[in-house]
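Topology and contacts: notes
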Amino acid sequence: MVGYDPETKCVSTVEAAAAGSASGLVTRVLVSPLDVIKIRFQLQIEQLSSRNPGAKYHGILQAVQCIFQEEGLVAFWKGHVPAQFLSVGYGAVQFMAFESLTKLVHNVTSYNARDSFVHFVCGGLTACTATVAVQPVDTLRTRFAAQGEPKVYRNLRHAVVTMYQTEGPRTFYRGLTPTIIAIFPYAGLQFSSYNILQQFSEWVIPAEGKKGGNVKNLVCGSCAGIISKTLTYPFDLFKKRLQVGGFEHARAAFGQVRIYRGLLDCVRQIMREEGPGGFFKGLSPSLLKAAVSTGLVFFWYELFCSLLC
């Protein structure tokens, strides 16, 4: 189980970090194409519809075909190097902190480490910690996934130097405010939903039917990902729009571009120009990605933890 459990042998802090890193690495390789499509949808100002002649992307299948024809197969792994740094670092910090924090709560408070409320709070706090640690890498990942041809950034080093010289160090933390606002409930819901679904499955499935534990972890994780992503999705879109601020020239080939002065200005402009539906652009690939990635993260984490134990 994810989190401290006084009734079973638990992984150490180092083992939790190693399992979290490994699960993030494997999952990132598999879900990168969905992430690229999601980011392209989120950054498109025009309505995601074939009825809009100015829209570059209309749907998932059309976007896959368009990206493949224009940029080749490798385009689905654009920004993969910074994305891997993001996944490995985030997974290590998040799961290491989560195991430690749930153990601390169990030992120094009257709360049980297996309570869903404890998982919600601990999951949110550890995700905020991990987010602050890897936000610069997340910004780099978004820039790489968003740029078209010809490329503005040749490689990771060129991107870091160029962004620092032209936009200053603060540019690496663009979109941090909506990220922090969104990540606490998102991660909290992930961990608490996963915990509830695991406990529900243990109640529903008889003891002799628990051999398919890995499949159960995958299903519970996928459901938890869909629940948490749906409820917090608009903040992910705000983050992506703010992260490409100062990068508008590289977006010219994809359609209209906008300049946002901050989070509230971003919300106002989207509401005025794109309507309430604008807050959920890219939701379909995002839900697909959330289901796959969250399911795989918990699946691999539990698997690696069992191997380490």
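It should be emphasised that the depicted structure is a prediction, and the values quoted were computed from it without experimental measurement.

Moving on, we get to the packing of helix 3 (residues 80-108) against helix 4 (residues 116-146). Closest axis-to-axis distance for the helix 3/helix 4 pair is 8 Å, and the angle between their directions is 165 degrees. Classified by the angle between their axes, helix 3 and helix 4 sit roughly antiparallel to one another. The interaxial crossing formed by helix 3 with helix 4 has right-handed handedness. Its residues placed into classes, the contact of helix 3 with helix 4 shows 19 nonpolar, eight polar and two charged.

Now for the side chain of Asp-138. Turning to its location among the elements, Asp-138 is positioned in helix 4. Owing to a relative accessible area of 5%, Asp-138 belongs among the buried residues under this scheme. Every residue in contact with Asp-138, bar those within four places of it in the chain, is listed here: Leu-86, Lys-239 and Gln-243.

Turning to the UniProt feature "repeat: Solcar" (unreviewed entry) in the protein, a few remarks are in order. The sites that UniProt annotates as "repeat: Solcar" (unreviewed entry) are residues 11-104, 114-200 and 212-307. Helix makes up 72% of residues 11-104 and strand 0%, and the two end C-alpha atoms of the span are 14 Å apart.

Attention now moves to the nonpolar core. Residues Val-2, Phe-95, Phe-191, Tyr-194, Phe-298 and Tyr-301 are the most contacted members of the largest nonpolar core, which totals 16 residues. Counting only elements with at least two residues in this core, the list comes to helix 1 (13-43), helix 3, helix 4, helix 6 (176-204), helix 7 (213-243) and helix 9 (283-308). Ranked by size, the runner-up nonpolar core spans ten residues in total, among them Tyr-233, Leu-237, Phe-238 and Tyr-260.

Quick look at the environment of Thr-131 now. The residue Thr-131 is located in helix 4 in this model. Spatially, the C-alpha atoms of Thr-131 and Ile-180 are 7.4 Å apart, while their sequence positions differ by 49 residues. Filtering out sequence-adjacent residues up to four positions away, Thr-131 remains in contact with Tyr-90, Leu-176, Thr-179, Ile-180 and Ile-183.

Let us look at a nonpolar patch on the surface. On the surface, a nonpolar cluster with roughly 560 Å² of combined accessible area is contributed by Leu-25, Val-29, Leu-30, Phe-68, Leu-73 and Trp-77. Within the fold, Phe-68 resides in helix 2 (residues 60-71).

Turning our eyes to something else, we now look at the pattern of salt bridges. Across all of its chains, the model carries 16 salt bridges by this definition. Residues Lys-289 and Asp-35 are paired through a salt bridge, measuring 3.1 Å at the closest nitrogen-oxygen approach. Of this pair, Lys-289 sits in helix 9 while Asp-35 sits in helix 1, placing them 254 residues apart in sequence. Using a relative accessible area of 14% as the deciding quantity, one classes Lys-289 as buried. In this structure, Glu-71 engages Lys-78 in a salt bridge whose closest nitrogen and oxygen atoms are separated by 2.6 Å. As far as burial versus exposure is concerned, Glu-71 and Lys-78 are alike and both buried.

Averaged over every residue, the pLDDT of the protein is 84; residues scoring 70 or more account for 93%. Mean pLDDT values for the elements of the protein range from 87 in helix 7 up to 90 in helix 8 (residues 263-274).

It is worth spelling out empty space enclosed by the protein at this point. Over the atoms a probe the size of a water molecule is rolled, and this reveals where empty space is left. Tallying each qualifying case throughout the model produces three cavities of 30 Å³ or more. Size it by volume and the largest cavity reaches roughly 790 Å³. Along the wall of the largest cavity there are 40 residues; nearest its centre are Arg-28, Tyr-90, Ile-183, Tyr-186 and Lys-289. Counting residues per element, the ones that place at least two in the lining of the largest cavity are helix 1, helix 3, helix 4, helix 6, helix 7 and helix 9. Broken down by element, the lining of the largest cavity gets its largest block of residues, eight residues, from helix 6. Class assignment of the residues belonging to the lining of the largest cavity gives a composition of 16 nonpolar, 15 polar and nine charged.

What follows covers the domain arrangement of the protein. Along its sequence, the protein is organised into domain 1 (1-70 + 281-308), domain 2 (78-173) and domain 3 (175-280). If you average the C-alpha positions of domain 1 and of domain 3, the two centres end up 10 Å apart. Tallying the contact residues gives 26 residues for domain 1 and 36 residues for domain 3. Summing both partners gives a buried area of about 2700 Å² for domain 1 against domain 3, and 64% of it is carried by carbon and sulfur. On inspection of domain 1 and its partner domain 3, the count reaches two salt bridges. Linking domain 1 to domain 3 there are eleven residue pairs in polar contact (both at pLDDT 80 or more). When contributions to the side of domain 1 that touches domain 3 are tallied by element, the ones reaching two or more residues are helix 1 and helix 9. At twelve residues, helix 9 tops the list of elements feeding residues into the side of domain 1 that touches domain 3.

Now for the environment of Ala-182. For Ala-182, the position within the fold is in helix 6. For the pair Ala-182 and Arg-170, spaced twelve residues apart in sequence, the C-alpha separation works out to 20 Å. Apart from the residues within four sequence positions on either side, Ala-182 is in contact with Thr-232 and Phe-235.

Cut-offs used in this document
- Counting restarts for each chain, with residues numbered from 1 along the sequence as it is written.
- The predicted nature of this model means local features are confined to residues of pLDDT at least 70 and side-chain atom pairs, given and counted, to a pLDDT of 80 or more, with totals for whole chains, interfaces and linings taken over all residues.
- Processing note: side-chain calculations cover all non-hydrogen atoms of the structure and skip hydrogens and water entirely.
- Interaxial angles span 0 to 180 degrees and are taken between N-to-C directions of axes, which are lines fitted to C-alpha atoms, for helices over the stretch in contact.
- Helix and strand labels come from DSSP, where a helix needs a run of H or I of at least four residues and a strand needs a run of E of at least two; each type is numbered from the N terminus.
- Relative orientations are named as follows: roughly parallel for angles under 35 degrees, roughly antiparallel for angles over 145 degrees, roughly perpendicular for angles from 65 to 115 degrees, and oblique for any other angle.
- Crossings are classed by handedness, with left-handed meaning an anticlockwise turn of the near helix from the far one by less than a right angle and right-handed meaning a clockwise turn.
- Residue polarity is assigned by list, with Asp, Glu, Lys and Arg as charged and Ala, Val, Leu, Ile, Met, Phe, Trp, Tyr, Cys and Pro as nonpolar; anything else, Gly included, falls into the polar class.
- Exposure categories follow from relative accessible area, calculated using a 1.4 Å probe and restricted to protein chains: below 20% of the type maximum is buried, above 50% is exposed, and the middle band is partly exposed.
- Here a residue-residue contact requires only that any non-hydrogen atoms of the pair lie within 4.5 Å.
- UniProt positions are given in the numbering used here, feature names are shortened, and annotations may be inferred rather than shown by experiment.
- Throughout this description, the term nonpolar core refers to a set of buried Ala, Val, Leu, Ile, Met, Phe, Trp, Tyr and Cys residues connected via side-chain atoms within 4.5 Å.
- A residue counts toward a patch only above 30% relative accessible area and without a salt bridge, and it is joined to like-charged neighbours within 9 Å or, for Val, Leu, Ile, Met, Phe, Trp and Tyr, to nonpolar neighbours within 5 Å.
- Accessibility throughout is a Shrake-Rupley quantity obtained with a 1.4 Å probe, and a residue counts as covered only by protein chains that appear here.
- In the sections that follow, a salt bridge refers to a side-chain nitrogen of Lys or Arg positioned within 4 Å of a carboxyl oxygen of Asp or Glu.
- A score between 0 and 100, pLDDT records how confident the predictor is in each residue.
- In this analysis a 1.4 Å probe is tested at points of a 1 Å grid over the protein atoms alone, and where it fits but cannot get out there is a cavity; an open set with protein on both sides within 12 Å along at least five of seven lines is a pocket; lining residues have an atom within 4 Å of a point.
- Grid points are joined across faces, edges and corners, and a volume is the space filled by probe spheres set on the points.
- Each domain's extent is set by a domain assignment, obtained either automatically or from a database.
- Put simply, buried area is how much 1.4 Å-probe accessible surface two parts lose in total, over both of them, once they are put together.
- What qualifies as a polar contact is a pair of N or O atoms within 3.5 Å, subject to a donor-acceptor requirement within protein and to the restriction that residues adjacent in sequence count only when both atoms come from side chains.

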